[in-house]
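Structural characterization, general
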Protein chains: 2
Amino acid sequence: MKKFIDTVDTFLDDSLRGFSTAHADIVHLIESPRFIKRKTSSEFDKVALISGGGSGHEPLHAGFVGYGMLDAACPGQVFTSPTPDQMLAAAQSVQSEQGVLFIVKNYSGDVMNFEIAAEMLECPCETVIVDDDVALPKDHSTGRRGVAGTLIVEKIVGAAAEQGKPLADCTLLAEQVIESTASMGIALSSCTVPELGQPTFELGPKQAELGVGIHGEHGRETIDLGSAQSMIHQINQAIYEELKPKKNQPIFLHVNGLGATPLSELYLVYDIAHRFWSELGVIVTRSLVGDYTTSLDMAGCSLTVTLLNDSMLEYWDAPVHTSALRWGC
Amino acid sequence: MKKFIDTVDTFLDDSLRGFSTAHADIVHLIESPRFIKRKTSSEFDKVALISGGGSGHEPLHAGFVGYGMLDAACPGQVFTSPTPDQMLAAAQSVQSEQGVLFIVKNYSGDVMNFEIAAEMLECPCETVIVDDDVALPKDHSTGRRGVAGTLIVEKIVGAAAEQGKPLADCTLLAEQVIESTASMGIALSSCTVPELGQPTFELGPKQAELGVGIHGEHGRETIDLGSAQSMIHQINQAIYEELKPKKNQPIFLHVNGLGATPLSELYLVYDIAHRFWSELGVIVTRSLVGDYTTSLDMAGCSLTVTLLNDSMLEYWDAPVHTSALRWGC
């Protein structure tokens, strides 16, 4: 295992300490139970947005804590759900009379633990489950996984909360964004979890994993490595079949790097995706290209498309000041 | 070679097309001779800042084209200098009566080609050479290499140019920043240039390359893979010996990912570096952590320290709107 690491046991604490020190103007780290919260709260009571999940997907979610997005994020150990006491402590720390909205990626541990925290919380609380990964069928036994679409939910609903929208509106908006969002990924290599010290799955030198999850879960199929054009086409097609946008539909197009794929390749993927959607007569209105929802040192990428309406677009454009997304501030 | 690529010959064009489409609000791609320029020019004549170099280091330099930083960037083929006609065309396209400043990383091809372009240019023109890599001794035959410190020069001088400072002042400021900046890197893996299709150098499973250049050039020595603490200490120490900051000196601390190292590890490295400098009584005043000056899919990182004065700090904080750095806009 070739990593910048001192001991496996202290990896997460060491990394989070660095994160919170580097962004001390934006966030504050609470060490036990572990969560990251916004340094400065809003001037008025607003709905508090909280997310979390296993670590190893940085900058998701701690990198999206700050003005206009999340109020707190609960990092579990690498690829392991955080515990209910983390979520409860985070919620109690940032809650307001407006209530709390939990934004949860659809993994059974995360869903269960956020549910326990919600039950223990003594303020209005809603939960939305993000399940944007179309690699699995809609009727899969545990549902679809939550992947890179999560940040779009966090950004859009974060802006609405910042503008004072009540809990019911934020929840409805989150559900609309989730409904309008589809993602799928592809891995060219596995990733190595520090605790394991070796790759979590095997891929031959001429193989790629289509529909991979952000922990390296098997997706649709292991395919032969092909041209970017042919591999990305399969992803575009799967997303298209899910969302079936009409002509002139404005979309948000997100090319997300899984960790070890250079930006130059992500832009090449973006070019392929942009042409695919443009040729369908769909309007690519906003874009985001880079490493946002990663899987440690996995080489690969995912595409996410959100069908935008006017208010989603306005909320996307609203000012944000987090360590990983920042504009208008 | 596992990459998102269609053909080796079209890789750069495909990638740049994606880049310029994704950031069409900020940049414009000129295809022949190839350069990226700012979409909107300033309201008044300002010194035009131009950089460039081999591709493979994204987001450097095209990602720093925009308000408050570069006016144009000239990308060569991967790890290959751009040609003088690119630089000349870029300069002619963005030049003003205030003149042109070339910001050049110290590689013989880049230096020579920018020099040829400068000679052909019929407007006031100055060139600064960035040579921040302290892995090599000061008296090395071709001088020290330019690495991640380049973006600090581009940001600080970009802000000064945007505020209307004349060419002589911008040049002097660039030289001050270069003089105040030191960097050093370490690789845990090689990188693969698309044209070659195989790693450019070999590292054993328990080896790291200390002082590596951003093309995988040999640095100080091949060392045994150790704890992050021990490896990063050697880099901190080398930078300290170069800059020898006094107590209470404000510094800018930049942890740069070389491409395939996860953000969680970069923050762990930042934590180690931040403690090193703080324990010396130096004040870490500004920070930047992430992939900014990369080496394709190389695993590794570099540290950069700049000794800040008040005006450098003010220029660093000034608004910037590029694809890779954005705040205040």
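Residues numbered from 1 in each chain as written. Chains lettered and ligands numbered in written order. Predicted model: local features only at pLDDT ≥ 70, side-chain atom pairs only at ≥ 80, totals over all residues. Heavy atoms only, no water.

1. As for unusual backbone geometry
We count it as follows: For the purposes of this entry, the term helix denotes a DSSP run of H or I that reaches at least four residues, the term strand denotes a run of E that reaches at least two, and both are numbered from the N terminus.
Residue P33(B) is reached from S32(B) by a cis peptide bond, and omega for that bond is -10 degrees. Assignment of secondary structure puts P33(B) in the loop between β1 (27-31) and β2 (34-38). Note the cis peptide between L60(B) and H61(B), where omega equals -10 degrees. The phi dihedral of F79(A) falls on the positive side, at around 55 degrees, and the residue is not glycine.

2. Describing helix α1 (residues 11-22) of chain A
A turn of α-helix holds 3.6 residues, and therefore any two residues three or four places apart point the same way. Going by this rule: A helix is expected to reach a length of 1.5 Å times the quantity of its residues less one. Per-residue accessibility, obtained with a 1.4 Å probe over protein chains only, is compared with the maximum for each type, and a residue is labelled buried under 20%, exposed over 50%, and partly exposed between these values. Residues are treated as being in contact if the distance between any of their heavy atoms lies within 4.5 Å.
Between its terminal C-alpha atoms α1(A) stretches 17 Å, which fits the 16 Å expected from twelve residues at 1.5 Å a residue. In terms of residue burial, α1(A) counts as a mostly covered element, since nine of its twelve residues are buried. What α1(A) keeps buried is the set F11(A), L12(A), D14(A), S15(A), L16(A), G18(A), F19(A), S20(A) and A22(A). The inward-facing, buried residues of α1(A) abut β1 (27-31), β2 (34-38), β3 (48-55) and β4 (72-78) of chain A together with α7 (263-279) and β11 (283-290) of chain B.

3. Some details on a nonpolar patch on the surface
Residues and elements named next belong to chain A. Condition: Put simply, a patch holds well-exposed residues, over 30% relative accessible area, that have no salt bridge, with like charges counted together within 9 Å and Val, Leu, Ile, Met, Phe, Trp or Tyr side chains within 5 Å. Here the accessible surface of atoms and residues is derived via Shrake-Rupley with a 1.4 Å probe, and residues count as covered only by protein chains that are part of the display. When a carboxyl oxygen of Asp or Glu is within 4 Å of a side-chain nitrogen of Lys or Arg, the pair counts as a salt bridge.
Taken together, the side chains of M112, I116 and M120 define a hydrophobic patch exposed on the protein surface, amounting to about 280 Å² of accessible area. Following the sequence through the fold, I116 ends up in helix α3 (residues 108-120). We classify I116 as partly exposed; its relative accessible area is 33%.

4. Notes on the relation of the copies chain A and chain B
The pair of chain copies shares a relation made of a rotation about an axis and a shift along it. Inclusion rule: Superposing copies: least-squares fit, C-alpha atoms only, residues required to have pLDDT of at least 70 in both.
Rotating chain A by 180 degrees about the axis while translating it 0.0 Å along that axis superimposes it on chain B, leaving an RMSD of 0.0 Å. Here the symmetry operator amounts to a two-fold rotation axis. The position closest to the rotation axis in chain A is occupied by the C-alpha of A260(A), lying 1.9 Å away. Most of the interface of chain A is mirrored in chain B, where 100% of its interface residues are also at the interface.

5. Remarks on the packing of helix α7 (residues 263-279) of chain A against helix α1 (residues 11-22) of chain B
Between two packed helices, both the angle of their axes relative to each other and the distance between the axes serve to describe the pair. How we decide: Think of each axis as a best-fit line through the C-alpha atoms, taken over the contacting stretch in the case of a helix, with angles from 0 to 180 degrees between the N-to-C directions. Geometric relationships in this document are graded by angle, where less than 35 degrees denotes roughly parallel, more than 145 denotes roughly antiparallel, 65 to 115 denotes roughly perpendicular, and other angles denote oblique. Gly is put with the polar residues, along with every residue not named as nonpolar or charged; the nonpolar set is Ala, Val, Leu, Ile, Met, Phe, Trp, Tyr, Cys and Pro, and the charged set is Asp, Glu, Lys and Arg.
Running from N to C, α7(A) and α1(B) point in directions that differ by 70 degrees, and their axes come no closer than 7 Å. Classified by the angle between their axes, α7(A) and α1(B) sit roughly perpendicular to one another. Contacts from S264(A), E265(A), Y267(A), L268(A), Y270(A), D271(A), H274(A) and R275(A) of α7(A) reach α1(B) at F11(B), D14(B), S15(B), R17(B), G18(B), F19(B), T21(B) and A22(B). Here the residues of the contact of α7(A) with α1(B) sort into six nonpolar, five polar and five charged.

6. Brief notes about the pattern of salt bridges
Residue and element names in this part refer to chain A. Inspection of every chain in the model, using the stated rule, returns 26 salt bridges over all chains. With a closest N to O distance of 3.4 Å, R38 and D71 form a salt bridge. On the criterion of sequence distance, the pair formed by R38 in strand β2 and D71 in the loop between β3 and β4 is long-range, its members being 33 residues apart. Put simply, R275 and D271 hold a salt bridge, and the shortest N to O gap is 3.2 Å. Note that R275 and D271 are positioned in helix α7 at a spacing of four residues, about one turn of the helix.

7. What to know about helix α5 (residues 167-179) of chain B
Residues and elements named next belong to chain B. Just so we agree on the cut-off: In this context, the arc is that of the directions from the helix axis out to the C-beta atoms.
Taking 1.5 Å per residue as the helical rise, α5 with its 13 residues ought to reach 18 Å, and the 18 Å between its terminal C-alpha atoms agrees with that figure. Among the residues of α5, those classed as buried are L167, C170, T171, L173, A174, V177 and I178. Considered in projection along α5, the buried side chains sweep an arc of 165 degrees and stay on one side of the axis. Relative to its buried face, α5 has exposed residues pointing more than 90 degrees away, namely A168 and E179. Buried residues in α5 make contact with β5 (100-105), β6 (125-130), α4 (150-162), β7 (181-187), β12 (300-307) and α8 (310-317).

8. Overview of the packing of α4(B) against α8(B)
Residues and elements named next belong to chain B. For the pair α4 and α8, the least separation of the axes is 8 Å and the interaxial angle reads 90 degrees. Considering the angle they form, α4 stands roughly perpendicular to α8. Residue-level inspection shows L151, I152, K155, I156, A159 and A160 of α4 in contact with α8, the latter providing M312, Y315 and W316. Residue composition of the contact of α4 with α8, grouped by class: eight nonpolar, no polar and one charged.

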